[in-house]
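Each chain, written out:
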Amino acid sequence: MTKLLKINHHHTIPFAGGLYRTTTRSNVASLALATSPFQFSSGYCSKTCIPSRLKLVSSTCYATLSAVVKPQESAFDGKEAALLVDELRTNFNTGRTRSYEWRISQLQNIAKMIDEKEKCITEALYQDLSKPELEAFLAELSNTKSSCMLAIKELKNWMAPETVKTSVTTFPSSAQIVSEPLGVVLVISAWNFPFLLSVEPVIGAISAGNAVVLKPSEIAPATSSLLAKLFSEYLDETAIRVVEGGVPETTALLDQKWDKIFFTGGARVGRIVMAAAAKNLTPVVLELGGKCPALVDSDVNLQVAARRIITGKWACNNGQACIGVDYVITTKDFAPKLIDALKTELKTFFGENPLKSKDVSRIVNSFHFKRLESMMKENGVANKIVHGGQTMEDKLKISPTILVDVPEESSMMQEEIFGPLLPVITVSKIEDGFQVIRSKPKPLAAYLFTDNKVLQNRFVENVSAGGMGINETVLHVTLKDLPFGGVGESGIGAYHGKFSYETFSHKKGVLYRSFDGDSDLRYPPYTPEKKRVLKALLSSDIFGAILAFFGFSKDS
């Protein structure tokens, strides 16, 4: 793992969804934090919500101040990581986390934490992303609380052994599938929904009875520090820990032997995580992303379709969401109508000047701002903008931007955009959109807008994606009876609801027999008579088995 993340002098490295330029290994975390503007709005954030270890740098020229950690050697290295895992494994081996009582108490404490600290959590999300209060509640707090309450309600049912049928070969017997915790698991979360994507996997890990380490994203420092504070206050520290930091700390954690690693982030780092896990044959869940398309037919309710596309793009962390609409496909004839509807509804949602709207999140840091700005300025792309394109670098704001038929070879069409830029790709007929989608790696989500039932069925059957929404965007992830996860390059594994419990559990098959009814048919010496009986039994030929048992055959 050290080789995978080794940093040389002035080497640019990929991690946690971005690139950081650093001079030494020891200050990667602080430089990463320095690229994440840490916003304070006068009278908005209470002192109790500001992590005491974060120091404001008065010389910062941003209108919105940045919070950085003073450069220092990381205290959490491989030795500390090994000690932490050993301690948690020792505590797990006592059986403490396996009991229903322990699991339910921790889940209840998470629900209590969300209720009691809602304001602090909302403030932290605003500091990290300027996330609007209602969006923070709906997308992060409400979803997390819903997952927690479902686990509390269903935990006994999830834990109960599942009885399955046995066969004549094991008669008399009974059999069960018994769920058992995996052990000590690692959760590495992302910055774009830093509360939801941290706590929801932890809910699954706790429900299944595991000890768990959470590594929040350093690119959302306010939420990371708040999670560390709240977890130590509300949860059992003998089995649940938070490790903060950047690349060095994550490297130290990945060098350890875990019973499962759950990672949310980009495909580039996902490969690093998977390579590290392979050393110990550790199973992984990779929640990645990809270019999520929205295919729009001409028979739609135009206003409703436009509103739902906007919600799945700009009202979803301003495009910084793995399930957000990455690009739209529609016919050449219908494109002007769709674009006009999008413009109209964007004005309704965010006003004449969306850069000043309080309902639009900012770009997470200057690196991603410049990355998105560069996408817009590429040759052959800048002249394709039909709406928006305004930027405000000091506030890290980019207005909702619509482009038409950008070149396929452009970075906007080759990479996941992860921002407020929406290319509209036109095709001659709507069915041609299927091939556009299939020409790219399988996305985490795919959306279709149409009233045509035949087209809906063809889309579901012929387009491969982690999940789908028909005449809707993003809402499928709120249904806890649906698995959420990727396929191909968009991810491995799934969670949400019972799927979270199963992700962090091992399903153990158990056969129960008594000492009665023991037959010598299975034991040596193997005779022709035994062979005839066993063949008949294994073929479910009860009559033939009876005949063979008495030395007869059907032929006789």
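The protein chain appears in an unreviewed UniProt entry as Aldehyde dehydrogenase from Brassica campestris. Listed under Catalytic activity (unreviewed entry) in UniProt, the entry text for the protein chain is "an aldehyde + NAD(+) + H2O = a carboxylate + NADH + 2 H(+)".

**Points about the overall build of the protein chain**
Secondary structure summary: the protein chain contains 18 helices and 24 strands in total. Expressed as a percentage of the 556 residues in the protein chain, the buried residues total 53%. Accessible surface, the protein chain: about 24,700 Å² in total, of which carbon and sulfur atoms supply 55%.

**Some details on a nonpolar patch on the surface**
On the surface, a cluster of nonpolar side chains totalling about 390 Å² of accessible area is made up of Val168, Phe171, Ile542 and Ile546. Structurally, the position occupied by Phe171 is in the loop between strand 5 (162-164) and strand 6 (174-181). On the basis of relative accessible area, Phe171 is assigned to the exposed category, the value being 61%.

**Some words on the packing of aromatic side chains**
Overall, the coordinates contain 7 aromatic pairs when judged by the stated rule. For the ring pair Phe262 and Tyr495, a centre distance of 4.8 Å and an interplane angle of 80° mean the geometry is edge-to-face. Remark: Tyr495 occurs in strand 23 (residues 494-495) and Phe262 occurs in strand 10 (residues 260-264); sequence separation between them is 233 residues. Accessibility classification places Phe262 together with Tyr495 in one group, the buried group. Judged by centre distance (5.9 Å) and plane angle (85°), the ring pair of Phe349 and Phe350 falls under edge-to-face. Residue Phe350 is classed as buried on the basis of its relative accessible area, which comes to 7%. Members of the aromatic cluster, joined through ring pairs, are Phe262, Phe484, Tyr495 and Phe504. When the ring centre of Tyr100 is taken as reference, the NZ or CZ atom of Lys156 above it lies at 5.1 Å.

**Considerations on the side chain of Ser207**
Along the polypeptide, Ser207 turns up in helix 6 (residues 196-207). Of note is the side chain of Ser207, whose polar atom sits 2.7 Å from the backbone oxygen of Ile203. Other than its neighbours up to four places away in sequence, Ser207 contacts Arg103, Leu107, Ala151, Leu155, Trp158 and Tyr501.

**Re the UniProt feature "active site" (unreviewed entry) in the protein chain**
Taken from the UniProt record, the annotation "active site" (unreviewed entry) applies to Glu287 and Cys322. Spanning 36 residues, the named residues nonetheless gather at one spot, since no C-alpha pair among them exceeds 8.9 Å. For Glu287, the position within the fold is in strand 11 (residues 284-287). On the basis of relative accessible area, Glu287 is assigned to the buried category, the value being 3%.

**Some points on the sheet that holds strand 6**
An order of 5-6-24 is seen for the 3 strands of this open sheet, with the pairing classed as antiparallel. Looking at which strands have only one partner, the edges of the open sheet turn out to be strand 5 and strand 24 (505-512). Recorded for the sheet is a direction-independent mean angle of 30° between the axes of neighbouring strands. Pairing between strand 5 and strand 6: 3 bridges, direction antiparallel. Across the sheet, the residue bridging to Val164 is Ala175, located in strand 6.

**Focus on the pairing of strand 18 (residues 421-427)**
Most of strand 18 sits out of view: 7 of its 7 residues are buried. Burial along strand 18 is two-sided: the residues Leu421, Pro423, Ile425 and Val427 and Leu422, Val424 and Thr426 are all buried. Strand direction decides the pairing type here: strand 13 (residues 327-331) and strand 18, joined by 4 bridges, are parallel. Looking at strand 18, one finds that Thr330 is bridged to Thr426.

**Structural notes on the environment of Glu345**
Among the secondary structure elements, Glu345 is positioned in helix 11 (residues 335-350). Spatially, the C-alpha atoms of Glu345 and Arg308 are 10.0 Å apart, while their sequence positions differ by 37 residues. Ignoring any residue separated from it by four or fewer positions in sequence, one finds Glu345 in contact with Gln303, Ala306, Arg307 and Ile310.

**Digging into the nonpolar core**
Core analysis: the largest hydrophobic core is formed by 114 residues, its most contacted members being Ile110, Phe231, Ile261, Ile323 and Val328. Tallying contributions element by element places helix 5 (residues 133-159) first for this core, with 8 residues. The residues touching Ile110, leaving out its near neighbours within four places in the chain, are Cys148, Val199, Ile203, Ile206 and Leu235. Counting 29 residues, the second-largest nonpolar core is a separate cluster that includes Tyr327, Val406, Leu455 and Ala465.

About the cut-offs
- Residues numbered from 1 in each chain as written.
- Predicted model: local features only at pLDDT ≥ 70, side-chain atom pairs only at ≥ 80, totals over all residues.
- Heavy atoms only, no water.
- UniProt positions renumbered as here; feature names shortened; annotations may be inferred.
- Helix = DSSP H or I, 4+ residues; strand = E, 2+ residues; numbered from the N terminus.
- Buried < 20%, exposed > 50% of the residue type's maximum accessible area, 1.4 Å probe, protein only.
- Areas by Shrake-Rupley, 256 points an atom, 1.4 Å probe, with all protein chains shown as cover.
- Patch = residues over 30% accessible without salt bridge, like charges linked within 9 Å, V, L, I, M, F, W, Y side chains within 5 Å.
- Salt bridge = Lys/Arg side-chain N within 4 Å of Asp/Glu carboxyl O.
- Phe/Tyr/Trp six-rings, centres within 6.5 Å; stacked < 30°, edge-to-face > 60°.
- Lys NZ or Arg CZ within 6 Å of the ring centre and 35° of its normal.
- Polar contact = N/O pair within 3.5 Å; in protein donor to acceptor, adjacent residues only side chain to side chain.
- Contact = heavy atoms within 4.5 Å.
- Pairing = 2+ DSSP bridges.
- Axes fitted to C-alpha atoms, helices over the stretch in contact; angles between N-to-C directions.
- Core = buried A, V, L, I, M, F, W, Y, C linked by side-chain atoms within 4.5 Å.

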